[in-house]
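Below, each chain spelled out in residue letters.
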Amino acid sequence: MTTQRQIILDTVKNCYCHPNATEVYDIVRQEHSISLATVYNSLNYLSENGYIMRVAIAGEPDRFDGNIFEHQHAICDRCGKVFDVEVHGIKEDLQKNYGIKITSFSINLHCVCPHCAKEI
């Protein structure tokens, strides 16, 4: 683990907004001299090696999550906020109903967040 990777890891773990690579870069460069390429390479390394979670959202840049425990994500269709949600029972139901062994899964729920719902 290089110093730069550790800085990027700490940034993602302390940022609950699920930042994309550019956002991580903007945060890190406020206090450290670092290139955007280093941020991209480090995020790839950290996600591929299980230190952080990559959150793929169709049509948008990937986001990154420091919470590596099993959970899913909800994306507000109005403001774009991404937040953690827990979905219970899906894995077990699919395994039971289809006889498959699920090793991992990722679900993105599209919604209107509580803040935006107040404005409707």
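Just so it is clear, the structure is predicted and the values come from calculations on it, not from any experiment. (Residues numbered from 1 in each chain as written. Predicted model: local features only at pLDDT ≥ 70, side-chain atom pairs only at ≥ 80, totals over all residues. Heavy atoms only, no water.)

## Topic: the nonpolar core
Across soluble globular proteins, nonpolar side chains have a tendency to be buried as a group. Residues I8, V12, V24, I34, V39, L43 and I52 are the most contacted members of the largest nonpolar core, which totals 13 residues. Secondary-structure elements contributing two or more residues to this core are helix 1 (3-13), helix 2 (21-28) and helix 3 (36-48). Of all the elements, helix 2 adds the most residues to this core, at 4 residues. (Core = buried A, V, L, I, M, F, W, Y, C linked by side-chain atoms within 4.5 Å. Buried < 20%, exposed > 50% of the residue type's maximum accessible area, 1.4 Å probe, protein only. Helix = DSSP H or I, 4+ residues; strand = E, 2+ residues; numbered from the N terminus.)

## Digging into the pairing of strand 3 (residues 72-76)
Among the 5 residues of strand 3, 5 are classified as buried, and the element is accordingly described as predominantly covered. Inspection of the sheet shows strand 3 paired to strand 4 (residues 82-85) by 4 bridges, in the antiparallel sense. Across the sheet, residue Q72 finds its bridge partner in strand 4, namely V85. In terms of strand pairing, strand 3 meets strand 5 (residues 108-111) through 4 bridges, oriented parallel. The residue bridging A74 from the neighbouring strand is L109, located in strand 5. (Pairing = 2+ DSSP bridges.)

## Here we look at the packing of helix 1 against helix 3
Where helix 1 contacts helix 3, the axes come no closer than 10 Å and their chain directions differ by 75°. By the angle class used here, helix 1 and helix 3 are roughly perpendicular. Residue-level inspection shows Q4, R5, I8, L9 and V12 of helix 1 in contact with helix 3, the latter providing T38, V39, S42, L43, Y45 and L46. (Axes fitted to C-alpha atoms, helices over the stretch in contact; angles between N-to-C directions. Parallel < 35°, antiparallel > 145°, perpendicular 65-115°, else oblique. Contact = heavy atoms within 4.5 Å.)

## Side note on helix 3
End to end, helix 3 covers 18 Å across 13 residues, agreeing with the expected 18 Å (1.5 Å per residue, within 8%). What helix 3 keeps buried is the set V39, S42, L43, L46 and S47. Each buried residue of helix 3 lies within a common arc of 125° when the element is viewed along its axis, so the set occupies one face. Facing away from the buried side of helix 3, by more than 90 degrees, are the exposed residues N41 and E48. (Expected span 1.5 Å × (residues − 1). Arc of directions from axis to C-beta.)

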